[in-house]
Amino acid sequence: MLILLGFLIVFGSAIGGFMIAGGHPAVLMHVSEFVVIFGIAIGILIIASPSRVLKEVMIKTKHAMFGKGAAKSDYFDLLKLLYEVFMVGRRNGLIALEEHVMNPKESSIFQRYPKFLAHPERLEFLVNGLKPVIDGKIKPDQLESLMEAELDAKADEADHPVHILQLVGDSMPGVGIVAAVLGIINTMAAIADGPEVVGERVAAALTGTFLGIFAAYGFVNPLANRIKFNNAEERQFLKCIMAAVAGFAKGLAPMTAVEVARRSLDSSVQPGSEKLEAALKAMPAVK
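Each value, and the rule that gives it
Residues numbered from 1 in each chain as written. Predicted model: local features only at pLDDT ≥ 70, side-chain atom pairs only at ≥ 80, totals over all residues. Heavy atoms only, no water. Core = buried A, V, L, I, M, F, W, Y, C linked by side-chain atoms within 4.5 Å. Buried < 20%, exposed > 50% of the residue type's maximum accessible area, 1.4 Å probe, protein only. Helix = DSSP H or I, 4+ residues; strand = E, 2+ residues; numbered from the N terminus. Contact = heavy atoms within 4.5 Å. 1 Å grid on protein atoms, 1.4 Å probe; cavity = no way out; pocket = protein on both sides within 12 Å on 5 of 7 lines; lining within 4 Å. Points joined across faces, edges and corners; volume = space filled by probe spheres on them. Nonpolar A, V, L, I, M, F, W, Y, C, P; charged D, E, K, R; others polar. Phe/Tyr/Trp six-rings, centres within 6.5 Å; stacked < 30°, edge-to-face > 60°. Lys NZ or Arg CZ within 6 Å of the ring centre and 35° of its normal. Polar contact = N/O pair within 3.5 Å; in protein donor to acceptor, adjacent residues only side chain to side chain.

Q: I would appreciate a short explanation of the nonpolar core in the present structure.
A: One broad rule of soluble globular proteins: the nonpolar side chains tend to lie buried together. Counting residues in each nonpolar core, the largest one holds 48 residues, and the members touching the most others are Phe86, Phe116, Leu126, Ile241 and Val245. When contributions to this core are tallied by element, the ones reaching two or more residues are α4 (72-92), α6 (114-117), α7 (120-135), α8 (140-158), α10 (195-249), α11 (254-263) and α12 (273-281). The greatest single-element share of this core, amounting to 11 residues, is contributed by α4. Those residues in contact with Leu126, other than ones at most four positions away along the chain, are Leu81, Leu82, Phe110, Phe116, Ile241 and Val245. Ranked by size, the runner-up nonpolar core spans 24 residues in total, among them Phe7, Val57, Ala64 and Ile164.

Q: Got a minute to help me understand the layout of surface pockets in this structure?
A: Empty space among the atoms becomes visible once a probe the size of a water molecule is rolled across them. Approximately 950 Å³ is the volume found for the largest pocket. Together, 35 residues line the largest pocket, and Lys60, His119, Glu121, Arg122 and Glu234 are the ones closest to its centre. Secondary-structure elements contributing two or more residues to the lining of the largest pocket are α3 (51-66), α4, α6, α7, α8 and α10. Residue contributions to the lining of the largest pocket peak at 10 residues, all from α10. Per-class residue counts for the lining of the largest pocket are 14 nonpolar, 5 polar and 16 charged.

Q: Before we go on, may I ask you to explain the packing of aromatic side chains in this structure?
A: Aromatic ring pairs are described here by two measures, namely the spacing of the ring centres and the angle between the planes. According to the stated counting rule, one finds 8 aromatic pairs in the structure shown. With 4.4 Å between their ring centres and 10 degrees between their planes, Phe86 and Phe248 make a pair best called stacked. In this pair, Phe86 is assigned in helix α4 and Phe248 in helix α10, connecting sequence segments 162 residues apart. Relative to Phe237, the ring of Phe116 lies with its centre 6.4 Å away and its plane at 25 degrees, an arrangement referred to as stacked. With Phe116 in helix α6 and Phe237 in helix α10, the pair connects residues that are 121 residues apart, well separated along the chain. Accessibility expressed as a relative area gives 1% for Phe237, which makes it buried. Joined through ring pairs, the aromatic side chains of Phe7, Phe210, Phe214 and Phe219 make up one cluster. When the ring centre of Phe237 is taken as origin, the NZ or CZ atom of Arg122, which lies over that ring, is 4.1 Å away. The lysine or arginine in question, Lys275, covers the ring of Phe76, its NZ or CZ lying 5.8 Å from the ring centre.

Q: Whenever I open this one, the environment of Arg263 confuses me. Can you help?
A: Following the sequence through the fold, Arg263 ends up in helix α11. Accessibility expressed as a relative area gives 62% for Arg263, which makes it exposed. When the C-alpha positions of Arg263 and Phe18 are compared, they lie 49 Å apart, and in sequence the two are 245 residues distant. In terms of polar contacts, Arg263 uses its side chain to reach the side chain of Glu259, at 2.7 Å.

Right, here's the structure in full:
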């Protein structure tokens, strides 16, 4: 919701300053200019994007405006989940993890962490990382490279909406000039109608330039940057999983593998070492 506050501040500052200077908001209400600016912007978005990317743009825009990223409590739960899984593998053998990994939604371990289960991408990444550990198809030293490749592919895919929105944002000032030129052409056609009509149409033309620049730098480009930050937060979550699973596969003790993952996190979401260790030691043994 913070992004909505930012949008409100940007809009309020621009219109408020305009009114303080003696302007009237109604002067900016030229429907033709809105049609040209935002119609072309939507057209650019459609031309530049495959249908799947268009869908991702809408999903990520909605998440940026109304969604929440992973909180410290989510990372705390993730580390507890990883510890439980690793302890089962250490005590009962890796084959004991198969029932949990092959059907995680029915797993007694995973069911204790419903927020994690509610994120299919995170669940899939963890499961895909654990499967090679269980079946032994690759060497432990190779697992990290495999997960890193998957992580890079996901990051590239997640950034597609960012690139598209940046393209639209960078294009909108130019679209504003197009709207202004169209407005001037319209003005020249009405020059015989008197200064009042000419003034109104020049104002409409200038409004087009204003809208293009204002929408680009006040809304579209900042929105693209917010989505980029959200993508980085999600990558950090998956990277935490990778660090823990790769460490466990190399033979680290469950507590050590979880500590490696904890240290990979930003300080803003990193659980405290002593608090986490106490919580892990207090957990009942998983059979």
